[in-house]
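Residues per chain, in single letters:
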Amino acid sequence: MEQIEVKATVTIPGEGTIAGYASLFGVPADLVNDIVSPGAFKSSLSAKLPKMLSEHGGEPIGQWTEVVEDELGLRVKGRFDLNSKGGRDAYQAVKSGRSKGLSIGFVATRAPRGPDGVRTLEEIDLREISVVREPASSRAIILNTKSAPAGKETDMAEIAELETKMKTLSESVADGLHHLTEHKSETSKLTDRLDKLEAKANRPAADPKADNGEIEKKALASWVRGGVQSLDEDEIKSLRDIEMKTLRLGSNPAGGYVVAPEFSTRILQSISELSPMRTIANIMSISTTEVIIPKLATHIQPGWVTEIGPRPTSEPTFDQQKISVHEQAVIVPISQQLLEDSFVDLESFLRNHIAREFAKMEAASFVVGDGNGKPEGFLNDPDIYEAVETAADGTGIVDSLIALYYALPTEYARNAVWTMNRKTMAMIRGQMDNTQRMIWGDSLATGQPNTLLGRPIYEMVDMPDLAAGNVAAAFGDFNVGYQIVDRIGIQTMRDDYTGADNGIVKIRARRRVGGAPVMEEAIAVLKGTGE
């Protein structure tokens, strides 16, 4: 598979999104003497969208949501998968300027080579588009001009117009040497003008300090300290110039809430570190109030047949499961004196408080929530799972854990993890099997979980202790068995009045999240008995 790299300065028009040009049409040829013709991608794009990779390798880091040809080249828009490490790393690399361009991976299906050695790519089978650190081509086009400073759209139109003029002018010069002197001055002026416009278009991505995150952080701190009225004209203008991409001021119907995308992303990352279920469950981001997930109710029934014997007919049946998002709300009280202290990092202070409270609330709901105004926990109805019983006093618990390990179907056991609370962990940590080997294994690397019978073990403080009728431990593939649904965005509001008598300003935050078990056969549980 071949690759073409384009220094197509990417932009980030929204939280976790990317836009740019993956390939540009026409001259000049790239470093390997290739020129891409308009229409080269048409056949490939009608069949499928390419993968979104980093440096042409590894697992996908997100997905391209729009890949189209226009008059300049292959214009793309995509969204990073912020729930995966690869997606987050690539997103941060683009934001910081470490990754500066895009590169296509393709198979050339029609590509004649001319007498000058230049190959014209007339038809391409596009396989993937990668985010890369150092692109090879020097031609740069910015697509999403609405997120850039005012006037950028005009710059792009001028670049396209000037490139056309340059091409026409070069052809005229080649037709007759007697016109060379006449056109040389005009060609030089157009070239200089094009170079200046391209340099101007490239500046935002080349300067990591001019990052919207810094604008947002400054605006957020100003808003927390003094409310909307404390924002100066430059801050408000900056916010509007980038489509309110940083601090979005809420209207009266919204209750005065604001949304800061970068701040929201950092809170969600902190919540992921504090909420154990987010480490092992499947996570989906939606922009609606609910999601409907199809579930396989019955499997097909294949059969053995002879060469000319009748074939059995069997069709699977499907069911649906609806997962709704529920609202979380938290209040962070801040003293007026603390707000007046300019040395306090308010963004970090708020992020840590909000993330900690949201994480505690959702962690409990993901385990024991009843689904009424909150997510449904996986232990809301433990009777839906395969269960192994054990004595409430811990007698014979090693045999029970081994039985639980083998109670799970093999297809789920390969990726299964253990969950239990700290007290149950203490009970089994020193246990040995009948060969006098420890069943507990300590982690050999920082950040990696301990293991039980060779599989990772995670602490869930909201799981019950081992007692008669309680589910004290679970073993399962939670990535298949439990679904978390996030409604994008965290809103915050400054309340100057309800705590004013005590010198307190309240920062109110709200978000929406849902969750429910979706595949009961992927999880098995350990239940205590009185015997």
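The structure we're discussing is the one just above.
For the structure given in this document, a descriptive report is provided here.

What counts as what
- Residues numbered from 1 in each chain as written.
- Predicted model: local features only at pLDDT ≥ 70, side-chain atom pairs only at ≥ 80, totals over all residues.
- Heavy atoms only, no water.
- Helix = DSSP H or I, 4+ residues; strand = E, 2+ residues; numbered from the N terminus.
- Contact = heavy atoms within 4.5 Å.
- Buried < 20%, exposed > 50% of the residue type's maximum accessible area, 1.4 Å probe, protein only.
- Polar contact = N/O pair within 3.5 Å; in protein donor to acceptor, adjacent residues only side chain to side chain.

Moving on: the environment of Ala-516. Residue position: Ala-516 is located in strand E23 (residues 504-517). A sequence separation of 195 residues divides Ala-516 from Gln-321, and the C-alpha atoms of the two residues are 9.2 Å apart. Discounting residues that sit within four places of it in the chain, Ala-516 has contacts with Gln-321, Ile-323, Glu-376, Gly-481, Tyr-482 and Gln-483.

Glancing now at the side chain of Asn-421. Following the sequence through the fold, Asn-421 ends up in the loop between strand E17 (417-420) and helix H13 (422-428). Excluding anything up to four places from it in sequence, Asn-421 contacts Glu-459, Met-460, Val-461, Met-463, Pro-464, Asp-465 and Ala-472.

Here Lys-51 lies in strand E4 (residues 51-54). When its relative accessible area of 53% is taken as the criterion, Lys-51 is described as exposed. Counting along the chain gives 13 residues from Lys-51 to Trp-64, while the straight-line C-alpha distance between them is 7.1 Å. Those residues in contact with Lys-51 that lie beyond four places of it in its chain are Trp-64, Arg-127, Glu-128 and Ile-129.

Tracing the backbone shows Asp-433 in the loop between H13 and strand E18 (440-441). When its relative accessible area of 15% is taken as the criterion, Asp-433 is described as buried. Within the structure, Asp-433 has its side chain in polar contact with the side chain of Thr-435 (distance 2.7 Å). In this structure, Asp-433 is in contact with Val-398 and Ile-439, ignoring residues within four places of it in sequence.

Functional significance is not addressed by these values, which are geometric in nature.
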